[in-house]
Amino acid sequence: RRPDLRIIARAEDRGHAHALVHAGADEVLREVFDSSVRAGRHVLECLGFDAEALDDAERAFAHHERSAMAELAALWRPDLPLHENEPYLSRA
C-alpha cells in the first residue's frame, strides 16, 4: 500500500532473515550477526590487533556476508526443507 516506505526489519537468524526478505523487507538486520562481528572485533582488539586494520577487516567481512546472504535469500524456498534445497546448500 505504501511503496514510498522503506521497510527495515530485525531478524533472529538466517532463516528468519530469508523469510523477511521474501516478505518484502528492504533491509534486514540480523541480531546474531551484528553481535558476533562486535564480539570478534573485541577479541582481536584485546589481542593487540591494529584498530585501522580491524576497521578494514570488519567492513570487508560485513560486505562479503551481506552479499552472500542476498545470494542465499534468492535461493531460499520456504516451501522446501533446507536439507532438500540443493541450490541453497550448494551455494552455502
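First things first, this report covers the structure right here in the doc. Within any chain, residue numbers begin from 1 and follow the written order of that chain's sequence. Only residues with pLDDT of at least 70 are given local features in this predicted model, and only at 80 or more are side-chain atom pairs given and counted; all residues enter the totals for whole chains, interfaces and linings. Side-chain measures here rest on the full set of heavy atoms in the structure, leaving out hydrogens and waters.

## A closer look at the side chain of His18
Right, so step 1: Strands here mean DSSP runs of E at least two residues long; helices mean DSSP runs of H or I at least four residues long; both are numbered from the N terminus. Relative to the assigned elements, His18 resides in helix H1 (residues 14–22).
Right, so step 2: Contacts are residue-level and defined by heavy atoms, with any inter-residue pair within 4.5 Å sufficient. Among residues more than four places away in sequence, those in contact with His18 are Met69, Leu72, Ala73, Trp76 and Tyr88.

## Comments concerning the environment of Ala74
Right, so step 1: By the element assignment, Ala74 lies in helix H3 (residues 51–75).
Right, so step 2: You can call Ala74 exposed: its relative accessible area is 64%.
Right, so step 3: Spatially, the C-alpha atoms of Ala74 and His18 are 8.3 Å apart, while their sequence positions differ by 56 residues. Working definition: with a 1.4 Å probe on protein chains only, accessible area under 20% of the residue-type maximum means buried, over 50% means exposed, and in between means partly exposed.

## Brief notes about the pattern of salt bridges
Right, so step 1: We define a salt bridge as a side-chain nitrogen of Lys or Arg found within 4 Å of a carboxyl oxygen belonging to Asp or Glu. Scanning all chains against the criterion turns up 12 salt bridges.
Right, so step 2: Residues Arg30 and Glu65 are paired through a salt bridge, measuring 3.1 Å at the closest nitrogen-oxygen approach. Placement of the pair is Arg30 in strand S2 (residues 27–30) and Glu65 in helix H3, with a sequence separation of 35 residues.
Right, so step 3: For Glu65, a relative accessible area of 10% translates into the label buried.
Right, so step 4: A salt bridge links Glu45 to Arg41, with the shortest nitrogen-to-oxygen separation between them at 2.8 Å. Linking Glu45 with Arg41, this pair stays in helix H2 (residues 31–46), spanning 4 residues, or about one helical turn.
Right, so step 5: Counted as one network, the salt bridges with shared partners bring together Arg41, Glu45, Asp55 and Glu58.

## Some remarks on the pairing of S2
Consecutive side chains along a regular strand alternate between the two faces of the sheet.
Right, so step 1: Pairing between two strands requires that DSSP report at least two bridges joining them. Relative to S2, strand S1 (residues 8–11) is paired through 4 bridges, and the arrangement is parallel. Within S2, the residue paired with Ala9 across the bridge is Val28.
Right, so step 2: The parallel pair S1 and S2, bridged by H1, forms a crossover whose chirality is right-handed. Look down the strands so they point away from you; if the path from the first strand over the helix to the second goes clockwise, the crossover is right-handed.

## Structural notes on a nonpolar patch on the surface
Right, so step 1: Here the term patch refers to residues with relative accessible area over 30% and no salt bridge, with like charges joined within 9 Å and nonpolar side chains (Val, Leu, Ile, Met, Phe, Trp, Tyr) within 5 Å. Under the convention used here, a 1.4 Å probe and the Shrake-Rupley method define accessible areas, while residue burial counts only the protein chains that appear. A cluster of nonpolar side chains, Val43, Leu44, Leu47 and Phe49, forms an exposed patch at the surface whose accessible area comes to about 380 Å².
Right, so step 2: Of note, Phe49 is situated in the loop between H2 and H3.
Right, so step 3: For Phe49, a relative accessible area of 48% gives the class partly exposed.

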